[in-house]
Each structure stands twice: as structure tokens, then as C-alpha cells.
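Residue-level structural notes
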Amino acid sequence: GRNAVEEALRSGRPIDSLYVARGVHGGSLGALIARAKDKGITVKEADAKRLDHMCANAVHQGVVAVAAAKEYATVDDMFRLAEQRKEPPFLIIADGLEDPHNLGAVLRVAECAGAHGVILPKRRSAGLTWAVGKASAGAVEYVPVARVTNLAAALNELKARGVWIYAADMDGTCWCQADYTG
């Protein structure tokens, strides 16, 4: 509901995204939308049926905040972790990964492979919801996850910091034949 979302925004709680009733943007809801955007929170429109489902049919007053199951890290946090382990940075970048179960699986793989973190775009990506936490089988507690506004800019920053970038390509070299040194 509107008061609960207002208090969550005021308290500084990490909010992944804000869903608002399609076509309703006036009054106190408009103020909530503006405040969320000021804090860099993604605002999405949804129909009333979806909002009802998200809240298990509780009264939502046209707004639902999806809070992160865990606070997001920064890319710098990932570099610090690599430095603490005395290892070159090993980061997984997932673009367009919208299914929470798939993100959970990526986090499990990242933990098992010793990755220092997972980088996601802020938009068009699953967030750290309870479903991701459950699907990750606990890996979400150990693998830092960062959200970036611009994935291309983040890749350029990583290159500038000396990180080698590898990408999956259906027509590329077989992954087990590539040299991942460095």
C-alpha cells in the first residue's frame, strides 16, 4: 500500500522496483513515483490483476514495492574481494536475465566457480527477490551482485581496469578451447 511504500522509501530500505497501477499517476501515487525515480528505483506499470497476485490479493492501493532480498554490492566491492583473495577479478555479467530462477542458477554457478561477483543491468533484469534467493540455494548470501545503469559503460570501465572480457557466442570458439589466462 501507499503508506508502506512511503515508509520503505523514507527509511532507505533497498527497493528493487516499484510497480504502479497502469494509467494511475496522480495524487499521492505520483509523489511516490517521483520519489522512487529520484532514488534511482525502476518504476514499472502493471495491471490490477498482476498487482493483486504480487500481494496475494492484499489491498495494495495501486502500488507494490519489490524489496531486494539482499543489498546490492558495487563493482568496487567486487574488486576489493578479488584483492582480498589475491586473485585477478573474475566477474560474471548477465544481460537480459529476467527469470529469477535463472538468476538464482547463475548465482549458484558463480559461487561454485569462485567468481567475485555478478553484474546486472538495472533494467530488463531480474532483481534480488526472495525467488532469486530461494533459487540460488543460499549463494545469494556469498556472491556480491551489482546493478549498473549502463552495461556498455560498465564493460568499458572493466576493460580500463585491466579486466579481460569474454562473451558467449553461438558461432564463437568452443568455451573449453579458449585461453582464460588473466
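The preceding data block contains the structure.
Everything in this summary refers to the structure shown in the same document.

About the criteria used
- Residues numbered from 1 in each chain as written.
- Predicted model: local features only at pLDDT ≥ 70, side-chain atom pairs only at ≥ 80, totals over all residues.
- Heavy atoms only, no water.
- Pairing = 2+ DSSP bridges.
- Helix = DSSP H or I, 4+ residues; strand = E, 2+ residues; numbered from the N terminus.
- Axes fitted to C-alpha atoms, helices over the stretch in contact; angles between N-to-C directions.
- Salt bridge = Lys/Arg side-chain N within 4 Å of Asp/Glu carboxyl O.
- Buried < 20%, exposed > 50% of the residue type's maximum accessible area, 1.4 Å probe, protein only.
- Contact = heavy atoms within 4.5 Å.

1. Examining the sheet that holds strand β1 (residues 15–21)
Here we have three strands laid out as an open sheet, ordered β2-β1-β3, and mixed in their pairing. Of all the strands in the sheet, the pair left with one neighbour each is β2 (42–46) and β3 (63–67). For this sheet, the mean inter-axis angle between neighbouring strands, taken without regard to orientation, is 25°. Of the pairings in the sheet, the one linking β1 to β3 comprises five bridges and is antiparallel in character. Residue S17 lies in a different strand from β3, and its bridge partner there is V66.

2. Here we look at the pattern of salt bridges
Throughout the structure, instances matching the rule amount to eight salt bridges. Across the pair R147 and D16 runs a salt bridge whose closest N-O atoms are separated by 2.5 Å. In this pair, R147 sits in strand β6 (residues 145–148) while D16 sits in strand β1, placing the two residues 131 residues apart along the sequence. D16 gets classed as buried once you look at its relative accessible area, which sits at 7%. In this structure, the salt-bridge partner of R161 is D76, at a minimum N-O distance of 2.7 Å. Of the two residues, R161 is situated in the segment after α7 (151–160) and D76 in helix α4 (residues 75–84); the sequence distance between them amounts to 85 residues. Salt bridges here are not isolated pairs; linked through shared partners, they connect E6, E7, R10 and R35.

3. A look at the sheet that holds strand β5 (residues 117–121)
The strand order across the open sheet formed by three strands is β4-β5-β6, and the pairing between neighbours is parallel. Each of the sheet's edge strands pairs with one partner strand only, and the pair in question is β4 (91–93) and β6. Strand after strand, the sheet turns through a mean of 25° between neighbouring axes, direction not considered. Both β4 and β5 contribute to a ladder of three bridges, which runs parallel. Among the inter-strand pairings, L91 is bridged to a residue of β5, identified as G117. Its contacts with the sheet put α7 on β4, β5 and β6, and the angle it makes with β4 is roughly 155°.

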